[in-house]
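# Residue-level structure breakdown
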Amino acid sequence: MSQRDSFLDRRITRRTMLQGTALAGVGAFLAACGTPPAATPAPTTGPTTGPSETPAPSASAAPTEKPTPSAVLNFANWPLYIDQDEGTPPKSPTLEQFTAKYGTKVNYVEAVNDNDQFFGTIQPPLQAGQDTGWDLMVLTDWMAIRVIRLGWVETIDTANTPNFVANLQDVYKNQPWDPQTNLRAPWQSGMTGLGFDEAVTGALTTLKALWTDDARWKGRVWFLTEMRDTVGLALLEMGKKPEEVTEADATAAFAEIKKAVDAGIVRSFLGNDYKESLVKGDLVLGTAWSGDIIQAQLEKDTLRFAIPSEGGMIWTDNMLIPKGAQHKYTAELMIDWVYDPKIAAQIAAYVQYVSPVKGAKEAIAANSDPAVADLAKNPLMFPDDATLAELHIFKALTEAEETSFNDQFSTVMGN
Amino acid sequence: MGGPLRRFRFAVPYLLLAPGLLWLTVYYVYPAVQMFIASFWSGSLSQGYTFSLSNWTNYTDAIARYEEQFVRSIVFAGLATLLTFLISFPLAYTIAFRGGRYKNLLLFLVIAPFFTSFLLRVISWRTILGDDGLFLGPLKGAGVVPEDFRLLATPLAVITGIAYNFLPFMTLPIYVSLEKIDRRLLEAGQDLYAAPFMTFRKVTFPLALPGIFAGTLLTFIPAMGDYVNAELLGQTPSTRMIGNVIQSRFLVNNDYPTAAALSFVLMAGILVAVAVYARLLGTEELTSGV
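### A word on the overall build of chain A
Within chain A, the secondary structure is distributed over 18 helices and 10 strands. In chain A, of all internal contacts separated by at least 6 residues, the share reaching a separation of at least 24 is 79%.

Encoded structure:
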């Protein structure tokens, strides 16, 4: 099963691995950071300025582009986050079909291995007001918020993206940081909840388990290094809402997390690589991402993912058009393309995360391959309304809050 | 032909040095200067950074906040170096004096594991040391160790991981200095009625010191800044080393000033430690031999 293998790869490469090698680039990176702060472009698309619905502002930004598809489109995404065929080298049907329709060669690069690390590569040109070389990039919502807050994205001309307007699931619309729903387009979502090996821990439903000194899982529990996932679940455990987190709530949540660490219940703070330890049995319980567990079940069928009774987190990776992108119109065509339910179904069936596109579920259910059609019944890929109601989105933090929260979280993690 | 060459003979050493110097300037001096400047910044990523000498407090703040991780790095690196030495010396000694015609094969075997990627080796150690892995699984099955005993995410895993990964860096220099010992000196020791151990203590060991010195430096210095072993074998807040802190400060918190200050404290700390060590062992050993 090549699909399964590639998922294994993804867990390792996506976040953890490159953090180490990225250090090598830090010297050069720092050199670039020395640019005077005066070069920071004034935020023009931040939530406070309220970008208008009309396409006027976008036309003024980049070199005037006629509404014809460009010859190339530079697309930065996470590794193994799009459908691929069995060929060598594998091709993505979604991208091949896009090229066939518009004549655009898609330069699709798995350049985003880590939000922070990728940010490090686009920050110098954006700060200097230059083009990043990318037309479309995929970042997790909190990083998308940061980039939007810095005014480093182009507004999507929604006149060019009728599928996006019609098919985006309502839950994603009108976020406080993207009030007109035209600064980013969700790529895939996933849930954060309890992941556990039922054979060891028994069935679990409550987050209290993470704070319970139980011989079955003491010292074999992990928390995610993604601050918003771990803090979000800690807040839910304490009966607070992650949407409305205050500085005081967060401080209390860090103390709560530290309690579980000091009690010896929590062993590690991990990124994507928790899955490997979970499959091996070193870890048996922790805060997990839904898509990971669906994949890991192929290797260990006693693994379970549960949305905790206190609620779970939902996060989203988003397509953004960086400021000054050379092929903005074509990027909008790509956004529209992946919001075609048939295309969305093609991607979702391969990556097995939550598709943000209305109609993707029906398109998967109609697939002639029963194994694919069955995916439509998977609540972790297609959560129903009741499930969605249990999921929380972490508050869009101000820079001061983000700095403070990250700092406190680092301390809890031993950094 | 000899004329012009002779005229510019004074330039030859500089020309020979130039590639190396250029390399170091671009990839070491320039980033180091940048980093030094960054260590005196204040501000944040989106507000921009400002340089001021009054930000020397970055250093004191960093040391105060991360004292625990600094001390841990010294202790872990020190213990790992000692462990590496205890394993390497008998190994190198055996190969040098008892290896016979298998010498080259044995040396190859010491290096052989290092033909695979560093990361792969550390990740395999995770499999070997796993809670129910190759090593602990049978022991737990036999009831030798309690069910909740673990090696991963303990200081022991990090220290042994470092020791393993730096083994050839200790073994090879020691081997080289043992190998070139003139055997007649050992015979002379015996002729003078020294017991084997006395010959070892008075002749072999002192002659091996340059190798030991080089081996300890090659092990201790990278071990101090180790990031991978603590990250992959430690994975618990109580085994974080200073390398992990620097990584996290740079890339997760975007706190470049603190990260830069920590890097310089680490560098300065290692320089001081090496200077003291060189003093203790005698500076001649630095340049002689190996």
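Read on for the rest.
### Overview of the overall build of chain B
Broken down by element type, chain B carries 15 helices and two strands. The C-alpha radius of gyration computed for chain B amounts to 24 Å, which surpasses the reference 19 Å derived for 290 residues by more than 25%, pointing to a less compact arrangement than a globule. By its C-alpha atoms, chain B is 80 × 75 × 35 Å across when sized along the principal axes. Each of the 290 residues in chain B was classed as buried or not, and the buried ones make up 34%. Taking as baseline every contact in chain B between residues at least 6 positions apart, the subset at least 24 positions apart corresponds to 69%.

### Overview of the domain arrangement of chain B
Quite often, the size of an interface is put as the accessible area lost when its parts meet. In terms of domains, chain B is made up of domain 1 (1-38) and domain 2 (56-287). In this structure, domain 1 of chain B and domain 2 of chain B have C-alpha centres spaced 33 Å apart.

### Some words on the environment of B:Thr239
Here B:Thr239 shows up in the loop between α12 (228-234) and α13 (242-252). With sequence-adjacent residues up to four places away left out, B:Thr239 is seen in contact with B:Ala153, B:Pro155, B:Val158, B:Ala230 and B:Gly234.

### Observations regarding the confidence of the model for chain A
Across chain A, pLDDT averages 83, with 84% of residues at or above 70. For residues 1-62 of chain A, every residue scores under 50 in pLDDT, and the model assigns this stretch 116 contacts once sequence neighbours within four places are set aside.

### Quick notes on the pairing of strand β6 (residues 266-270) of chain A
All names here are of chain A. Within β6, five of the five residues are buried, which leaves the element mostly enclosed by the surrounding structure. Relative to β6, strand β5 (residues 221-224) is paired through four bridges, and the arrangement is parallel. Its bridge partner lying in β6, Val 221 is registered against Val 266.

### Things to note about the confidence of the model for chain B
When pLDDT is low, close inspection of the predicted coordinates is not appropriate. Residue and element names in this part refer to chain B. Per-residue pLDDT for chain B has a mean of 90; in total, 95% of the residues score no lower than 70. Here helix α15 (residues 284-287) is the element of chain B with the lowest mean pLDDT, 53, and helix α4 (residues 67-98) is the one with the highest, 96. On the interface metric, ipTM, the complex scores 0.83, and its pTM is 0.78.

### Overview of unusual backbone geometry
Residues and elements named next belong to chain B. Phi is positive for Tyr 193, close to 65°, though the residue is something other than glycine. Note on placement: Tyr 193 falls in the loop between α10 (183-191) and α11 (196-224). On the neighbour-count criterion, Tyr 193 (7 C-beta atoms within 10 Å) is exposed. Unusually for a residue other than glycine, Gln 235 sits at a positive phi of about 50°. Within the secondary structure, Gln 235 is located in the loop between α12 and α13. Judged by local crowding, Gln 235 falls into the buried class, with 27 C-beta atoms found within 10 Å.

### Examining α13(B)
Residues and elements named next belong to chain B. For α13, a buried count of 11 out of 11 residues is recorded, marking the element as mostly surrounded by other parts of the structure. Listed in full, the buried residues belonging to α13 are Ile 242, Gly 243, Asn 244, Val 245, Ile 246, Gln 247, Ser 248, Arg 249, Phe 250, Leu 251 and Val 252. With its phi angle positive at about 50°, Asn 254 sits one or two positions after the end of α13.

### Details of α4(B)
Because each turn of an α-helix spans 3.6 residues, side chains separated by three or four positions in sequence point in the same direction. Residue and element names in this part refer to chain B. Spanning 32 residues, α4 covers 46 Å between terminal C-alpha atoms, matching the ideal 46 Å at 1.5 Å per step. Where α4 bends most, the angle comes to about 25°, and this point is Ser 88, followed within four residues by the proline Pro 90. The positive-phi residue at the C-terminal boundary of α4 is Gly 100, with phi of around 55°.

### What to know about the nonpolar core
One finds A:Leu136, A:Val147, A:Met334, A:Ile335, A:Ala344 and A:Ala348 to be the most contacted residues of the largest nonpolar core, which totals 111 residues. Looking at which element gives the most residues to this core, the answer is helix α14 (residues 341-351) of chain A, with eight residues.

### Some words on the packing of α10(B) against α11(B)
Angle between the axes and distance between the axes are the two parameters that describe a pair of packed helices. Residue and element names in this part refer to chain B. Orientation of α10 relative to α11, taken along the N-to-C sense of each, is 145°, at an axis distance of 10 Å. Note that α10 runs across α11; the crossing there is right-handed. Each of Leu 185, Leu 186, Gly 189 and Gln 190 in α10 lies in contact with α11, whose residues at this interface are Thr 199, Lys 202, Val 203 and Thr 204. Considering only residue class, the contact of α10 with α11 consists of three nonpolar, four polar and one charged.

Procedures and definitions
Residues numbered from 1 in each chain as written. Chains lettered and ligands numbered in written order. Predicted model: local features only at pLDDT ≥ 70, side-chain atom pairs only at ≥ 80, totals over all residues. Helix = DSSP H or I, 4+ residues; strand = E, 2+ residues; numbered from the N terminus. Contact = placed C-beta atoms within 7 Å. Rg over C-alpha atoms; globule rule 2.2 N^0.38 Å. Buried ≥ 20, exposed ≤ 12 C-beta atoms within 10 Å, placed from the backbone. Domains from an automatic or database assignment. pLDDT = per-residue confidence, 0-100. Pairing = 2+ DSSP bridges. Expected span 1.5 Å × (residues − 1). Bend = angle between axes of the 7 residues up to and from the residue. Core = buried A, V, L, I, M, F, W, Y, C linked by C-beta atoms within 7 Å. Axes fitted to C-alpha atoms, helices over the stretch in contact; angles between N-to-C directions. Left-handed = near helix turned anticlockwise from the far one by under 90°. Nonpolar A, V, L, I, M, F, W, Y, C, P; charged D, E, K, R; others polar.

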